[in-house]
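Single-letter residue listing:
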Amino acid sequence: MISRRALLTGAGVALAAGPLRAAPTPLSLADSAKGAGLLYGASIGQEALDDPAYAALYRRQTSILTTDVALKFDWLRPTPDRFDFSYADAILGFALDSGKPLRGHTLIWNDRAPDWLKRLPGREVERIFDDHIERVVSRYAGKLYAWDVVNEPFWPLDGKSGGWRDGPWFAAMGPSYVERAFRRVAAIDKTGRLALNEAQCDNDHDWGKSIRPLLAGLVERLLDAGAPLDTVGLQSHLQPQWPADYPAFAHYIEGFAARGLTVSITEFDVNDSVFPDDVAARDRAVAATGATFLNAVLAVPAVDMVVNWQLSDRYSWYRELSRRPPRVLPFDDADRAKPLASAMTAAFAAAPPRRLPAPRRQ
Ligand code: G3I
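Along each chain, residues carry numbers from 1 onward, in the same order as the chain's sequence is written. Thresholds applied to this predicted model are a pLDDT of at least 70 for local features of residues and 80 or more for the giving and counting of side-chain atom pairs; totals over whole chains, interfaces and linings are not thresholded and use all residues. Only hydrogens and water are set aside when side-chain values are computed; all heavy atoms of the structure are taken into account.

A. Representation of the overall build of the chain in the model. From N to C terminus, the chain includes 15 helices and nine strands. Over its C-alpha atoms the chain spans a radius of gyration of 22 Å, differing by no more than 12% from the 21 Å that the globule rule assigns to 362 residues. On the principal axes, the C-alpha backbone points of the chain span a range of 90 × 45 × 40 Å. Under the scheme applied here, a residue whose accessible area is under 20% of the maximum for its type counts as buried, over 50% as exposed, and between as partly exposed, the area being computed with a 1.4 Å probe on protein chains only. Across the 362 residues that make up the chain, the buried fraction comes to 56%. Of all intrachain contacts in the chain linking residues separated by at least 6 positions in sequence, the fraction that spans at least 24 positions is 76%. Calculation of accessible area relied on Shrake-Rupley with a 1.4 Å probe; when residues are assessed, cover is drawn exclusively from the protein chains displayed. For the chain, the exposed surface amounts to about 15,600 Å²; the carbon and sulfur share of it is 55%. Here Asp and Glu are counted as negative and Lys and Arg as positive; His is not counted, and neither are the chain ends. By convention, the point assigned to a charge is CZ for Arg, NZ for Lys, CD for Glu and CG for Asp. The averaged location of the 44 negative side-chain charges in the chain is 5 Å from the averaged location of its 43 positive side-chain charges. Helix numbers and strand numbers start at the N terminus; a helix is a DSSP run of H or I with at least 4 residues, a strand a run of E with at least 2. The globule rule used for comparison is 2.2 Å times the number of residues to the exponent 0.38, while the radius of gyration itself is calculated over C-alpha atoms. For this analysis, residues touch if any pair of their heavy atoms sits within 4.5 Å.

B. Molecular detail of the nonpolar core. Ranked by internal contacts, the top residues of the largest apolar core, which has 99 residues, are Trp147, Trp169, Leu196, Leu215 and Leu298. When residues in this core are grouped by element, the largest group, seven residues, is from helix 9 (residues 122-140). The residues touching leucine 298, leaving out its near neighbours within four places in the chain, are Leu38, Val303, Val306, Ala347, Phe348, Ala351, Pro352 and Arg354. Among buried residues, the Ala, Val, Leu, Ile, Met, Phe, Trp, Tyr and Cys ones that are joined through side-chain atoms within 4.5 Å form a nonpolar core. Counting six residues, the second-largest nonpolar core is a separate cluster that includes Leu39, Ile64, Met305 and Val307.

C. Region of interest: the packing of helix 9 against helix 11 (residues 176-188). Remark: helix 9 packs on helix 11, axes separated minimally by 9 Å, with the N-to-C direction vectors making an angle of 30°. Between helix 9 and helix 11 lies a crossing whose hand is right-handed. For the pair helix 9 and helix 11, contact is made by Glu126, Phe129, Asp130, Ile133, Glu134, Val137 and Ser138 and by Tyr177, Arg180, Ala181, Arg184, Val185 and Ile188, respectively. Only the contacting stretch of a helix is used when fitting its axis, a line to C-alpha atoms as for every element, and angles between N-to-C directions run 0 to 180 degrees. In a left-handed crossing the near helix is turned counterclockwise from the far helix by less than a right angle, and in a right-handed crossing that turn is clockwise.

D. Broad picture of helix 9. Relative to the 27 Å expected for 19 residues at 1.5 Å per residue, helix 9 spans 27 Å between its end C-alpha atoms, a close match to the ideal helical length. Buried residues of helix 9: Val125, Glu126, Ile128, Phe129, Asp130, His132, Ile133, Val136, Val137 and Tyr140, and no others. At the C-terminal side of helix 9, glycine 142 shows a positive phi close to 85°. To estimate how far a helix should extend, the number of its residues minus one is multiplied by 1.5 Å.

E. Geometry of the site of the ligand. Only a single heavy atom is needed: when it lies within 4 Å of a molecule or strand, its residue is near that molecule or strand. Around the ligand, the structure places 14 residues, and the nearest of them are Lys72, His105, Gln235, Glu267 and Trp309. Glutamine 235 is positioned such that a nitrogen or oxygen atom in its side chain is 3.0 Å from a nitrogen atom of the ligand. Interatomic distance of 2.6 Å between a side-chain N/O atom of glutamate 267 and a nitrogen atom of the ligand. The protein chains hide 56% of the 790 Å² of surface that the ligand would expose on its own. Residue classes follow a fixed rule: Ala, Val, Leu, Ile, Met, Phe, Trp, Tyr, Cys and Pro count as nonpolar, while Asp, Glu, Lys and Arg count as charged, and any other residue, Gly among them, counts as polar. For the shell around the ligand, the class distribution of residues is five nonpolar, four polar and five charged. Polar contacts here mean pairs of N or O atoms no more than 3.5 Å apart (in protein, one a potential hydrogen donor and the other a potential acceptor; neighbouring residues in sequence count only if both atoms are side-chain atoms).

F. Broad picture of the packing of aromatic side chains. Working definition: rings of Phe, Tyr and Trp (its six-membered ring) pair if their centres are within 6.5 Å, and the pair is stacked with planes under 30 degrees apart, edge-to-face with planes over 60 apart, and tilted otherwise. Overall, the coordinates contain 19 aromatic pairs when judged by the stated rule. An angle of 50° between the planes, with centres 6.1 Å apart, marks the rings of tyrosine 40 and phenylalanine 348 as tilted. Here phenylalanine 348 lies in helix 15 (residues 339-350) and tyrosine 40 lies in strand 1 (residues 39-44), a separation of 308 residues in the sequence. Tyrosine 40 gets classed as buried once you look at its relative accessible area, which sits at 0%. Residues phenylalanine 129 and tryptophan 169 carry aromatic rings whose centres are separated by 5.4 Å and whose planes lie at 65° to one another, so their mutual orientation is edge-to-face. Pair noted here: phenylalanine 129 is in helix 9 and tryptophan 169 is in helix 10 (residues 168-173), with a separation of 40 residues, a long-range link. A relative accessible area of 0% places phenylalanine 129 in the buried class. Residue classification places tryptophan 169 among the buried positions, given a relative accessible area of 1%.

G. Spatial organisation of the pattern of salt bridges. For this document, the term salt bridge refers to a Lys or Arg side-chain nitrogen within 4 Å of an Asp or Glu carboxyl oxygen. Applying the stated criterion across every chain yields a total of 24 salt bridges. A salt bridge links aspartate 89 to arginine 139, with the shortest nitrogen-to-oxygen separation between them at 2.5 Å. Taken together, the residues span a long stretch of sequence, with aspartate 89 in helix 7 (residues 86-98) and arginine 139 in helix 9 at a distance of 50 residues. With a relative accessible area of 36%, arginine 139 lands in the partly exposed category. Across the salt bridge formed by aspartate 224 and arginine 259, the nearest N and O atoms sit 3.1 Å from each other. Taken together, the positions of aspartate 224 in helix 12 (residues 206-224) and arginine 259 in the loop between helix 13 (246-257) and strand 8 (262-270) put the pair 35 residues apart, joining distant regions of the chain. Look at aspartate 224 and you get exposed, because its relative accessible area is 57%. Given the relative accessible area of 34%, arginine 259 is considered partly exposed. Several salt bridges converge on common partners, so that one network encompasses Arg123, Glu126, Asp130, Glu134, Arg180 and Arg184.

This is the structure:
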């Protein structure tokens, strides 16, 4: 017999209808991706070390991490005579404690170089190039899943013949810096997968249309020269305000797969600047764009992972660029899953299975 009190407090409902079944906990994005043999993750920075709730989101939702700034040259080398590994060591510690493989981003990038480096003569820049790779890769050898060895080699707006991105490394060594970097890293770290990481290729803006063939040509030359390249990283900061043909982009990716490379989606987010202010409508549009993109690219079995660039909107790089709080990632400012998270889960579920590549062994 259910007491009057129980009925009034609602406890009787459970007794009357049998035990209430707790709503099933939704699969994490990592578990959804695992079903297709994919890794899923995000870039990670100081905010995850400082914010326990954000750290918990990484632990629950991801199966791989990428350093945001901690392993960039300007963060490791604040002055010509000092390395500061403390931030990178803390991020690696978080990854190891969480049991998550870590991607190192990025050893060599002609952008964001410190002024002290830019002022040096070419021969000194070359010496620092070799020394930097030696010191950093030796410290983390065997501890990283992959390196973005070179980031963004191309930027046609710099006006260099061949569309190369200008900067201290290119100025000192020309295009040869790319192969030199890959060979030097491979000689030190025998297990991390070595990636060439590029932006813009996913769109049909002039930038995307011009960089795609440049990247494909560089990859061909590196492979024909026997350079130790394992992966092409395609950043995939989607720009729906520009034209894009994601099935054609998937065909472009297949070109790398045909040469035996894996392809990593390394910095996935969806620029929402062209979508309505209304949050529900904007979230739907971001999710639809993400779904179209992922359904196209995940059909290519050589795609081994999808990595967002941060997990929550509140730490997105778009905050510095947007006229309003951005909604470009799967989790909102309160770490709540958004329609993009559901779209990603559905795309992972629909993706054909694949086998994760083994670590590189030499
Ligand atoms: O944390 C310091 C803060 O203490 C200080 O007061 C402030 C002063 O400016 O700087 C803060 O550091 C900023 C850092 O992000 C925080 O994480 C740096 O100024 C800022 O330059 C840095 O920007 C990063 C940028 O790369 C340059 O490294 C962005 O967060 C990061 O999202 C962005 O990521 C790039 C990828 O590496 C390559 N692909 C494009 C992507 C987006 O631009």
